[in-house]
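Observations on the model geometry
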Amino acid sequence: MIHFQNVSREFPRVGRALDGVTLSIRKGEFVFLTGHSGAGKTTILRLVHVADMPTEGEVRVNGYDTRRLRPKDVSMLRRKIGYVFQDFRLLPDRTAAENVAFALEVTGARPAVIRAKVGRLLARVGLAAKAQAHPAELSGGEQQRVAVARALANEPILLLADEPTGNLDERATRGIHELFRDINAAGTAVLIATHDAQILRRSVGVRTMELEHGKVVYDSQQEQA
Amino acid sequence: MHAIREALAGFRRAPLLTGLSVAMIALSVFVLGLFGVAAHNIQIVLDQVEARVEVVAYLRDDASHAEIEALRANVAGLPHVRDVIHITRRQALELARIQLRDFEAVFTGLETNPFPASIEVTLHSGQRSAEAVHRVAAALGDYPVVEDVRYGQDWLDKVYLLRRVAAAASVVVGIAFAAVAALIIGAAIRLAVFARREEIRIMRLVGATNSFIRRPFLLEGLMAGAAGSLLALPATFIVFRLLSDAVVDLVWIPDLWIVTGIVIGSVFGMVASAVAVHRHLQEI
Ligand SMILES: Nc1ncnc2c1ncn2[C@@H]1O[C@H](COP(=O)(O)OP(=O)(O)OP(=O)(O)O)[C@@H](O)[C@H]1O
Ligand SMILES: [Mg+2]
């Protein structure tokens, strides 16, 4: 599903954010991407989301070489890749329901379909009761649940999460991670970038990849093999 | 649906700039409309003048019947010529008596006939261009029996010149207003794009296509263009009525021209938006 072949990403003046990364993530996998600040975690997620391009090597997502995709294909691919961030990125002037609906509106879905789906999505993340609340009226954990519901709107095959619990307390963090496990259990691959050591310690048996200075220095799966 | 809602939201977000865009498009289309009225009426005058245009060749008094017949036959064979009539000196005198009845006494008392014989050439309708008239007149002038050639040359040239000047002036003023309109639309779109910056980022995040993102802005431009053109219509009509009542009788432009003007204004609004959106979407 995700395949990096010798991928480098060089920024002018800054240097190499990624340096010859080769990795594979299969359908339905659950993977932690870890490493110090500046190691290149966000860069990897952005390459997968086709928000960025490698300067060297090849990035394949769902079988497509991202460099060969036309803008329209990028849009279609992104509908199948959910993305959540540390800072939630909800639209403040829209309710929770409207924020989730937003991801469906851009696909041209009919209003009746959108309404029904939004209800189900909010229920799935445990926020059915707060559908009409605005982001400012929600706790951080609740806002992140809305963001997850939005990311799930178009039934993604992959969910990317960049430090999703960085702004949350321990309880909210646990809740969000349980949610990710549920989503993964339903068949969606999940790739989470985090340096939260506590989560990693608790997630025994989950595939973990560690980056350092733009290189993969550890992959729990490789070790087992 | 989404696009319409967002376009209307754009109007509400920047009413002043949107109003200015509409006003500038209205001014541009208004200038276009005034030119339309002028061009239409000049064309009507030209048609009337052209319908009456004939080339008259006055003949020397000593021209023989055979020479005149030869001239007549040759001229009838020229391109664009429909009719060639020979008016003898006596016929000319008769015509003058009939047409200038008030001066009948002047003509009856004459001892010699002051009118020369002439040949009147009419051209096929639709082929009475200044150029064709010039050419026929020049051909006639080459005959030795022809003393003088007359046609509404000055008149025709002046009307044609007037039309060209009117067209040039309108194009210059119209382009100036259109350029200002494009700049203001650009500023309005820029504002709208930046106001919706976060939203556009999220749209890209969740897989909106570029055309979906652009659509509300294009619609906003289209609506501003249509609104401006629709405002220009009554403005043009009012000026038309004022001129018509106070200066010269004018004829109102055909419906098709009105529709064309509104389409031009609307498309212009949309194209100006498209250019601005293309530029500003790259910045965010
Ligand atoms: N747009 C950019 N322009 C220039 N340099 C960049 C850009 N984005 C990332 N970088 C550089 O790439 C390197 C890796 O950045 P990245 O954001 O991938 O790190 P990260 O592992 O996500 O760190 P953090 O845990 O702090 O989020 C950094 O050194 C950063 O300076
Ligand atoms: Mg990061």
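A short tour of the structure in this document, coming up. Note that this is a predicted model, so its numbers are computed, not measured.

Turning next to the sheet that holds strand β2 (residues 81-87) of chain B. All names here are of chain B. Spatially, the four strands line up as an open sheet ordered β2-β3-β1-β4, and their pairing is antiparallel. Because the sheet does not close on itself, it has two edges, and the strands there are β2 and β4 (146-150). Going from strand to strand, the sheet's axes swing by 20° on average, the running direction of each strand aside. Of the strands in this sheet, β1 (54-59), β2, β3 (118-123) and β4 touch helix α3 (residues 65-76), which is tilted by about 165° from β2.

For the rest of this paragraph, the subject is the pattern of salt bridges. Summed over all chains, the structure comprises 22 salt bridges over all chains. Between Glu142(A) and Lys130(A) there is a salt bridge, and its shortest N-O distance comes to 3.1 Å. Of this pair, Glu142(A) sits in helix α5 (residues 140-152) while Lys130(A) sits in the loop between α4 (111-124) and α5, and the two are 12 residues apart along the sequence. The salt bridge involving Arg72(B) is made with Glu69(B); its shortest N-O contact spans 3.9 Å. One end of the pair is Arg72(B) and the other is Glu69(B), both in helix α3 and three residues apart, which spans about a single turn. On the basis of relative accessibility, which here comes to 31%, the residue Arg72(B) falls in the partly exposed class. Glu69(B) sits in the partly exposed class, given a relative accessible area of 34%. What you see here is one network of salt bridges that share partners, running through Glu10(A), Arg16(A), Asp19(A), Glu56(A) and Lys215(A).

Accessible area lost during the coming together of the parts is what is often quoted as the interface size. At the junction of the two partners, chain A supplies 18 residues and chain B supplies 14 residues. Across the chain A to chain B interface the summed buried area is about 1,300 Å²; carbon plus sulfur atoms make up 65%. Where chain A meets chain B, there are one salt bridge. For Arg94(A), the salt bridge is made with Glu199(B), and the minimal N-O distance between the two is 3.1 Å. For the pair chain A and chain B, the interface holds five residue pairs in polar contact (both at pLDDT 80 or more). Those elements giving two or more residues to the side of chain A that touches chain B turn out to be α2 (71-79), β6 (81-85) and α3 (96-105) of chain A.

Here the focus is the site of ligand 1. Residue and element names in this part refer to chain A. Near ligand 1, the surroundings consist of Phe11, Val14, Ala17, His36, Ser37, Gly38, Ala39, Gly40, Lys41, Thr42, Thr43 and His195. Between an oxygen atom of ligand 1 and a side-chain N or O atom of Ser37, the distance comes to 2.5 Å. With three residues, helix α1 (residues 41-48) is the single largest residue contributor to the shell around ligand 1. For the shell around ligand 1, a count of residues per class yields four nonpolar, seven polar and one charged.

Procedures and definitions
Residues numbered from 1 in each chain as written. Chains lettered and ligands numbered in written order. Predicted model: local features only at pLDDT ≥ 70, side-chain atom pairs only at ≥ 80, totals over all residues. Heavy atoms only, no water. Pairing = 2+ DSSP bridges. Helix = DSSP H or I, 4+ residues; strand = E, 2+ residues; numbered from the N terminus. Axes fitted to C-alpha atoms, helices over the stretch in contact; angles between N-to-C directions. Contact = heavy atoms within 4.5 Å. Salt bridge = Lys/Arg side-chain N within 4 Å of Asp/Glu carboxyl O. Buried < 20%, exposed > 50% of the residue type's maximum accessible area, 1.4 Å probe, protein only. Buried area = accessible area lost by both parts, 1.4 Å probe. Polar contact = N/O pair within 3.5 Å; in protein donor to acceptor, adjacent residues only side chain to side chain. Near = heavy atom within 4 Å. Nonpolar A, V, L, I, M, F, W, Y, C, P; charged D, E, K, R; others polar.

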